[in-house]
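Residue-level structure breakdown
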Amino acid sequence: MITPRLQQLNDYPFQRLADLLGGVVPPDAVVMSIGEPQHVPPPMVASILAEQAASWGKYPSANGTPAFRRAVADWLTRRFGLPDEMIDPDRMILPVAGTREALYMIAQAVRTERGGKAPAMLLPNPFYQVYAGAAAMAGAEPVFVPGADGVDSFPDFSALPAEILDRTALAYLCTPANPVGTVADIDLLVRAVATARRHGFLLAVDECYSEIWDRAAPAGALSACARLDGETDNVIVFHSLSKRSSVPGLRSGFVAGDPAIIAAFARLRAYGGAVTPLPIIAAATALWQDEAHVEENRALYRAKFDIAERILGDRFGFRRPEGTFFLWLDVGDGEAAALALWREAKIRVIPGAYMARAGADGINPGKRFIRAALVHGLATTERVLTRFTEIL
Ligand SMILES: Cc1ncc(COP(=O)(O)O)c(C=O)c1O
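Just so it is clear, the structure is predicted and the values come from calculations on it, not from any experiment. (Residues numbered from 1 in each chain as written. Predicted model: local features only at pLDDT ≥ 70, side-chain atom pairs only at ≥ 80, totals over all residues.)

Here the focus is the overall build of the protein chain. Per the secondary structure count, the protein chain includes 15 helices and twelve strands. In summary, the protein chain has a C-alpha radius of gyration of 20 Å against a globular reference of 21 Å for 392 residues, a match within 12%. Taking the principal axes of its C-alpha atoms as reference, the protein chain extends roughly 55 × 55 × 45 Å. Out of the 392 residues in the protein chain, the part that is buried amounts to 50%. (Helix = DSSP H or I, 4+ residues; strand = E, 2+ residues; numbered from the N terminus. Rg over C-alpha atoms; globule rule 2.2 N^0.38 Å. Buried ≥ 20, exposed ≤ 12 C-beta atoms within 10 Å, placed from the backbone.)

Dropping the structure here:
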């Protein structure tokens, strides 16, 4: 009765963590295992939702409102320095109910066979686990591509054998990268776009951490398209308000890019997509128009990384992430460290192995690491990181 494809899914990392540590999380625990920002959401969210309450009684349109699409197109143009007319709001933007469902569902929109074989889907390793679930449920062969230069570097898809690239239907890339916190440079993105075009696959770039950066605003895949020819062929990007505006519960993001893919995705989503309610679309429109709250948010993360730098120094391979709010620490054995932090201090972090898969060499590249999300306030961060050094 149940599809065997589900057997290919690992238990989701948080289920594996509950198996390791126990599922009961007491109120005084410090949960750093999940990337759920605890910063106060911008007050405009509550006021706009209240003002728009009458539209809870309406079915929303799957492509949002013209004002939403315009706000997103303007934001993309400003943020990534795109040419003025590059983004057509009506053909190239689609709201999604958080990027997680969209990252999953996009795998259903691409070809299910190439050259008579099951398609390949390329994934970085380590990676956000939804990509693997999406590939498995689409009947594709997931190809885990390790960083070209160590665990915290990016995969270089262009270096894969043509045999794999020619049957690739979709490649996921994530920058800034969860869990490792590095940022893809524009040359790498240009190469990835060119490879996708040469071999006729879709490049899906998860940029949901693009606004959580330390020293320099990261480039995105649309910057790479602008650099190449101003066209978005074969490329879509995923953006979210969850991290940018600290509203993971709002469930609001968007996809943007190649009009042919956006049209196909809209067609699929007309059947199976979660449509974003109109009050949420109105709040999202205002949030994409505002940068002040995002700058405040970034400043708070920077202050926390200052604390981390001061307390951790050069221990555990600490490196200030270029983007994201994750610490990715080399603790020798990630599971043992997660257990120790939990048992001794009720600090919940995730073993890096749960964010990765064993490669062809049988080695899981995340095994030595833990990932800890710096999503709490300054005082908690200081206290918890001090305990890290004592326990680890
Ligand atoms: C890399 C990455 N992509 C996508 C998401 C999904 O975010 P949302 O569905 O809230 O937009 C997350 C959430 O943690 C993430 O870490």
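Attention now moves to the packing of helix α13 (residues 292–312) against helix α15 (residues 378–391). Remark: α13 packs on α15, axes separated minimally by 10 Å, with the N-to-C direction vectors making an angle of 25°. Comparing their axes, α15 and α13 come out roughly parallel. In this structure, the crossing between α13 and α15 has a hand that is right-handed. For the pair α13 and α15, the contacting residues are A303, K304, I307, A308, I311 and L312 in the first and L378, T381, E382, L385, T386 and T389 in the second. When the residues that make up the contact of α13 with α15 are grouped by side-chain class, the tally is seven nonpolar, three polar and two charged. (Axes fitted to C-alpha atoms, helices over the stretch in contact; angles between N-to-C directions. Parallel < 35°, antiparallel > 145°, perpendicular 65-115°, else oblique. Left-handed = near helix turned anticlockwise from the far one by under 90°. Contact = placed C-beta atoms within 7 Å. Nonpolar A, V, L, I, M, F, W, Y, C, P; charged D, E, K, R; others polar.)

Around the ligand sit 14 residues, and of these G98, T99, R100, S240 and S242 come closest. Among the elements that make up the shell around the ligand, the one with the highest residue count is helix α5 (residues 99–105) (three residues). Residue composition of the shell around the ligand, grouped by class: five nonpolar, seven polar and two charged. (Near = placed C-beta within 6 Å.)

It is worth spelling out the domain arrangement of the protein chain at this point. Split by domain assignment, the protein chain resolves into domain 1 (4–40 + 293–391) and domain 2 (46–290). Its C-alpha centre places domain 1 at a distance of 24 Å from the equivalent point of domain 2. The interface of domain 1 with domain 2 comprises 32 residues on the first partner and 31 residues on the second. When contributions to the side of domain 1 that touches domain 2 are tallied by element, the ones reaching two or more residues are α13 and β9 (326–330). (Domains from an automatic or database assignment.)

Our next topic: helix α9 (residues 221–228). Here α9 lies mainly inside the structure; six of its eight residues are buried. Within α9, burial applies to A221, L222, S223, A224, C225 and A226. Tucked inside the fold, the buried residues of α9 contact α3 (66–80), α8 (186–199), β6 (202–206) and β7 (235–240). Phi turns positive one or two residues past the end of α9, at G230, with a value near 80°.

With 121 residues, the main nonpolar core has L203, A204 and V255 as its most contacted residues. Excluding residues that lie within four positions of it along the chain, A204 makes contacts with L103, I106, L170, A171, Y172, I236 and F238. (Core = buried A, V, L, I, M, F, W, Y, C linked by C-beta atoms within 7 Å.)

Next up on the list: the environment of R368. One can find R368 in the loop between β11 (350–351) and β12 (369–373). Under the C-beta neighbour-count criterion, R368 is labelled buried, with 20 such atoms within 10 Å. Setting aside residues up to four positions removed in sequence, R368 forms contacts with D330, V331, G332, D333, G334 and G352.

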